[in-house]
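# Chain and residue survey
Read off the chains here:
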Amino acid sequence: MIIDGKKTAAELREELKKKVAELRSTHNAVPGLTVILVGEDPASKIYVKNKEKFAKEIGMNSEVIRYPADTEEKVVLNKIKELNEDKKISGILVQLPLPKHIDKKKVIETILPGKDVDGFHPMNVGNLSSGYDSSIPCTPLGCSLLLKKAEKNLSGKHAVVIGRSNLNGKPMTQLLLKENCTVTVTHSKTKDLKAECLRADIIIAAVGIPKLVKGDWVKKDAIVIDVGINKTDSGIVGDVDFDQVSKVAKAITPVPGGVGPMTIACLLSNTVECFKKLN
Ligand code: NAD
């Protein structure tokens, strides 16, 4: 089974479009997403453009605030404080990476947890790991929804997460624990990654190394979710060797067309959820 992220994301956006229309009639208001972009990082510019496009497509209000790379930290922090107070704004996202002179931690901590659609604020991170209601980082949330396409009941499954970043590996681990999986978290210092993967019913690869996970690393009938987006001479590839692994696994996400499209759809979903809680 090839898990189609493009189709799943389009279905989720369609659902959200209906929810936004409902909110318009019940609340006489719609969710509003503000993205702050500092600098000229080419990948960030594309991500931000897509976020704005899809937000508008589902009927949300969407605004991008663009600052030059040499903008002072306090300008960004003051803007966030202003947006925190603005009743029309339900979601605030500061596009990462930030220029070096701006303290990422300070920026994330300034966003009101209730408007933190990326789920990076320590309050949301803590709530997620305590099993309480929280904003969930968009890419792991997208991975969970794709996993559910392949297997409804994940209880008791052995999941191996490759990578322990705050963005992907760590929140993914929490989501799998919430689903009653037994989770092994692996990283760059793991001794025998192949042996760990061979024990897995579920593999989540979020590493950033092209085609790291090979066909003989994967148990027959495993589900493999590939988060990686790696630029190579032969185009964009994931962290999983798709040609090899798709012959062994029960289900797999392709790259592109797997996790990638889910990330923005989940951002929109988080914005709708924040709106509901704030209102
Ligand atoms: P990161 O660099 O922050 O973290 C990588 C992790 O991989 C680290 O925890 C490190 O310990 C681990 N690692 C490195 N080498 C390893 C090895 N040989 N064996 C096992 N673990 C190893 O990366 P990230 O931000 O989590 O991103 C990971 C990948 O996901 C990248 O390719 C990135 O482009 C992609 N990504 C995709 C999306 C999406 O929407 N699909 C979103 C964010 C990131």
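Here we summarise the structure given alongside this text. These numbers were taken from a predicted model, which means no experiment stands behind them.

What counts and how
Residues numbered from 1 in each chain as written. Predicted model: local features only at pLDDT ≥ 70, side-chain atom pairs only at ≥ 80, totals over all residues. Heavy atoms only, no water. Near = heavy atom within 4 Å. Polar contact = N/O pair within 3.5 Å; in protein donor to acceptor, adjacent residues only side chain to side chain. Areas by Shrake-Rupley, 256 points an atom, 1.4 Å probe, with all protein chains shown as cover. Helix = DSSP H or I, 4+ residues; strand = E, 2+ residues; numbered from the N terminus. Nonpolar A, V, L, I, M, F, W, Y, C, P; charged D, E, K, R; others polar. Pairing = 2+ DSSP bridges. Buried < 20%, exposed > 50% of the residue type's maximum accessible area, 1.4 Å probe, protein only. Right-handed = clockwise from strand over helix to strand, strands pointing away.

Once that is clear, we can look at the site of the ligand. Taken together, 21 residues are adjacent to the ligand, and Arg 164, Ser 165, Asn 168, Val 227 and Thr 263 come closest. In this structure, a nitrogen atom belonging to the ligand sits 3.4 Å away from a main-chain N or O atom of His 187. Ile 229 places a polar main-chain atom, nitrogen or oxygen, 3.1 Å from an oxygen atom of the ligand. About the coverage of the ligand: the protein hides 70% of its 870 Å² of free accessible area. When residues in the shell around the ligand are grouped by element, the largest group, three residues, is from helix H10 (residues 259-278). Looking at side-chain class alone, the shell around the ligand contains nine nonpolar, 11 polar and one charged residues.

Strand order in the open sheet made by the five strands is S5-S4-S6-S7-S10, with parallel pairing throughout. Unpaired on one side and paired on the other, strand S5 (182-186) and strand S10 (251-252) mark the two borders of the sheet. Looking at chain direction, strand S4 (residues 158-162) and strand S6 (residues 202-205) are connected through four bridges and run parallel. Bridging across to S6, Ile 162 finds its partner in Ala 205.

On to the pairing of strand S1 (residues 32-38). Across a regular strand the side chains alternate sides, sitting on one face of the sheet and then on the other. Among the seven residues of S1, seven are classified as buried, and the element is accordingly described as predominantly covered. Neither face of S1 is open: one carries Gly 32, Thr 34, Ile 36 and Val 38, the other Leu 33, Val 35 and Leu 37, and all of them are buried. Taken together, the seven bridges between S1 and strand S2 (residues 61-67) define a ladder with parallel strand orientation. Bridging from a neighbouring strand, Thr 34 pairs with Glu 63 of S2. Following the chain from S1 across helix H2 (residues 42-57) to the adjacent parallel S2, one finds a crossover that is right-handed. Pairing between S1 and strand S3 (residues 91-94): four bridges, direction parallel. For Thr 34, the partnering residue across the bridge sits in S3 and is Ile 92.

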